[in-house]
Amino acid sequence: MRLGNLEIEIIIALFLVLTALWTVMARSLLRAAIGLALTSAMLTVMMYKLNAPLAAVFELSVCSGLISVIFITTISLTQPLTWAEIYEHERERLSRFRPLPFIILLLGLFFWLVKVDLALPTVVAEKVTDVRVVLWSLRQLDLVGQIICLLAGAFGVTILFKAWRGK
Amino acid sequence: MPILLLMIVNVLSFSHKSKLHNILFGFGLLTALAQIALVLWPNKNFWQLTANYQFNVIKFNLAADNLTLVMLLAIGLVGLIALIVARGLINDVDQEYNFTNLWFIALTGMNGLVLATDIFSLYVFIEITAVASFILIALTKERDALEGAFKYVIFSSFATVLMLAAIALLVFFAGDTSFAAIANAIKANPGNSLILMGLILYLLSVFIKSGLIPFHGWLPDAYSAAPAITSIFIAGIVTKVVGIYPLIRFVQLTGTLADPLRNILLLVGGTSIVIAALSALGQTNFKRLLAYSSISQMGYIVLGLAAGSALGLAGAILHIFNHAVFKSLLFINAAAVEKQTGTLDIDKMGGLAEKMPYTGATSAIASLSTAGIPPLSGFWSKLLIIIALWNAQLYFYATVAVLASLLTLGYMLTLQRKVFFGQLENAFYETKEAGWQLVLPSLLLAGIILGLGLGFPWLINTWLIPIGKIL
């Protein structure tokens, strides 16, 4: 059987939801970080399928950097749990997700019953612009903003975590 | 430029922190003063740099209208005050150095936010301000402060997701992220449910960022658990720039508000005014009481915007400025009291005006202005909002706004009586006035409250009504 484009997109979307769920439900931070990497990979594939190769590349590169930071922070800041803590954590871990199936069911029912007329606009074909022009001319202010945001983040890590590591 | 200097100073700071923190402080003062001067004595050549290349390298599409200028004035003023007060409140060189650095980042974020002409740039600068705010709240690394910061991070992240979704939906129709393109798309597609959904998501996002009821879960904890200096800065200006300013741009973008949107604004504004005022009545922690009072006052601003007229918008903008002034003053008073008595529990205080006359007097002025007592500035902004609501035939909400002023008066007078009046507690016989770094800014802010109140007849025609006409 040959799968159509729509079927492939639905399968990717399903995987995306599953990996995202795994990320938030994971037992340890390290597993959550792996889950995030998988989610990001799924998102990249989806963006590529939706004709947004630039966004896909950015998603992959930004997220791989982000995941490295999370890995390093997690490894440097956490200590292994004791057996008693693991037992306690395991007992409570899944209970907080009990309402999730009901929420999904309710949302499904809502969208099934309320037939919203979405009146989608005709998507205008995206102007193919050189990525250099987009980044360095069109979105220069945002790029500077991102740099300041990174500076703030780095500053926060220095202020909040440096002394802790000493302790 | 300030950010570039910040980077250089930070690189050098590894070896010369004690000397460099004074330079950084001086540079901060100059920046804030220059910002205030550029707004009060506007220079056309400076404010119309929008389309030009600066240094032939940087091309920013920024623009300053009258609303932006008022926001820049409020940012400069509260920023200047916070920087001076920090000198009196923070004793540790490292902490003061860290605060000044984050102050610069937050100031850049807020200035960029009010100057942005593009919804995505607006989002980027909201995030810069938010990241700086998280760290400022957690600065002391005490358990409560970290908890407050964590709650803010969680709520703020949720708001970020909503805003990104809203931007995606709006850009889908507009094809561009500029405010002008989005405003055109909204006008061209009246009654489109996807656009309405985008606008509602945007509204929810800014409601969370402003801490309006029922999205206020983070605000009382963050305000009361944060270090005193952070409370002054964040309550004084950050929440207004990050939450209320995008709301004003929203009203401007949508033009005449569609009924569902107006009803959402009225409901959230009215509920915030009443519920937060009732919650403030039951508080015994000085800063927590002020936090609930902030939510209630922001409700007035939202009601002014919901009136959908130039008068309502002028009232809302004046109330933003007034609120920035009197809330900063009240938080400075709280910081002074905490510094001199070691507690924020108002049930344990009493008669402090005798020992701290400047703090007591300025706090009375700020409290009365909050309650809307004439001729203080808070009275005029509330009056404009109430008249605008009445003119828009929103009689119920106009009545709610009037009656809630009585509640405000109730909790503010209770605060004054418990902290500054009555019999002086034995424990506070040796208490003295806080240092000049806290007294001088308090007097300046109290002077602004009185000056704006008395100079209102001049202010309304020269500044306020022209601003309201941006609708």
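Each value, and the rule that gives it
Residues numbered from 1 in each chain as written. Chains lettered and ligands numbered in written order. Predicted model: local features only at pLDDT ≥ 70, side-chain atom pairs only at ≥ 80, totals over all residues. Helix = DSSP H or I, 4+ residues; strand = E, 2+ residues; numbered from the N terminus. Buried ≥ 20, exposed ≤ 12 C-beta atoms within 10 Å, placed from the backbone. Contact = placed C-beta atoms within 7 Å. Domains from an automatic or database assignment. Axes fitted to C-alpha atoms, helices over the stretch in contact; angles between N-to-C directions. Parallel < 35°, antiparallel > 145°, perpendicular 65-115°, else oblique. Nonpolar A, V, L, I, M, F, W, Y, C, P; charged D, E, K, R; others polar. Expected span 1.5 Å × (residues − 1). Bend = angle between axes of the 7 residues up to and from the residue. UniProt positions renumbered as here; feature names shortened; annotations may be inferred. Core = buried A, V, L, I, M, F, W, Y, C linked by C-beta atoms within 7 Å. Left-handed = near helix turned anticlockwise from the far one by under 90°.

Labelled according to an unreviewed UniProt entry, chain A appears under the name NADH-quinone oxidoreductase subunit J, originating from candidate division WOR-1 bacterium RIFOXYB2_FULL_48_7.

Here we look at the overall build of chain B
Summing up its helical and strand segments, chain B has 18 helices and 0 strands in all. For chain B, the residues scored as buried account for 56% of the 471 residues in total. For chain B, restricting intrachain contacts to residue pairs at least 6 apart in sequence, the fraction spanning at least 24 positions comes to 80%.

Some words on the domain arrangement of chain B
Domain boundaries in chain B define domain 1 (1-255) and domain 2 (257-471). At the level of elements, α3 (66-89), α8 (193-210), α9 (219-225) and α10 (228-254) of chain B are the ones that each hand at least two residues to the side of domain 1 of chain B that touches domain 2 of chain B.

Notes on the packing of helix α5 (residues 119-137) of chain B against helix α6 (residues 143-174) of chain B
Residue and element names in this part refer to chain B. Relative to each other, α5 and α6 sit at 175°, their axes nearing to 9 Å. One element, α5, and the other, α6, form an angle in the roughly antiparallel class. Contacts from Ile119, Phe120, Tyr123, Glu127, Ala130, Ser133, Phe134 and Ile137 in α5 reach Ala145, Gly148, Ala149, Tyr152, Val153, Ser156, Thr160, Met163, Ile167 and Leu170 in α6. A per-class count over the contact of α5 with α6 returns 13 nonpolar, 4 polar and 1 charged.

Looking at α10 of chain B
Residue and element names in this part refer to chain B. If you check α10, its first and last C-alpha atoms are 38 Å apart, about what 27 residues at 1.5 Å a residue would give, namely 39 Å. Along its length, α10 shows its largest kink, about 45°, at Ile234. Phi turns positive one or two residues past the end of α10, at Gly255, with a value near 65°.

Focus on the UniProt feature "transmembrane region" (unreviewed entry) in chain A
According to UniProt, the positions carrying the feature "transmembrane region" (unreviewed entry) are residues 6-24, 54-77, 97-114 and 143-164 of chain A. Secondary structure over residues 6-24 of chain A splits into 100% helix and 0% strand, and the C-alpha atoms at its two ends are 27 Å apart.

Some details on the nonpolar core
Val85 and Ala401 of chain B are the most contacted members of the largest nonpolar core, which has 175 residues in total. Element by element, the count of residues in this core is highest for helix α13 (residues 310-341) of chain B, at 19 residues.

Description of unusual backbone geometry
Residues and elements named next belong to chain B. The omega torsion across Ile213 and Pro214 is 10°, close enough to zero to call that bond cis. Within the fold, Pro214 resides in the loop between α8 and α9. In this structure, Lys141 is a non-glycine residue whose phi angle is positive, near 60°. Mapped onto the fold, Lys141 is located in the loop between α5 and α6.

Quick look at the environment of Val157 of chain A
Relative to the elements of secondary structure, Val157 of chain A occurs in helix α7 (residues 140-166). Between the C-alpha atoms of Val157 of chain A and Thr19 of chain A, which are 138 residues apart in sequence, the distance is 28 Å.

A word on the environment of Ala225 of chain B
Residue and element names in this part refer to chain B. Within the fold, Ala225 resides in helix α9. Residue classification places Ala225 among the buried residues on the basis of 24 C-beta atoms within 10 Å. When the C-alpha positions of Ala225 and Gly236 are compared, they lie 15 Å apart, and in sequence the two are 11 residues distant.

What to know about the packing of α3 of chain B against α10 of chain B
Residue and element names in this part refer to chain B. The geometry of α3 relative to α10 is characterised by a closest axis approach of 8 Å and an angle of 165° between their N-to-C directions. Classified by the angle between their axes, α3 and α10 sit roughly antiparallel to one another. When the axes of α3 and α10 are compared, the crossing they make is left-handed. Of the residues in α10, those touching α3 at Leu67, Met71, Ala74, Ile75, Val78, Ala82, Val85, Ala86 and Leu89 are Ala228, Ile229, Ile232, Phe233, Gly236, Ile237, Val241, Tyr245 and Ile248. Of the residues in the contact of α3 with α10, the class split is 17 nonpolar, 1 polar and no charged.

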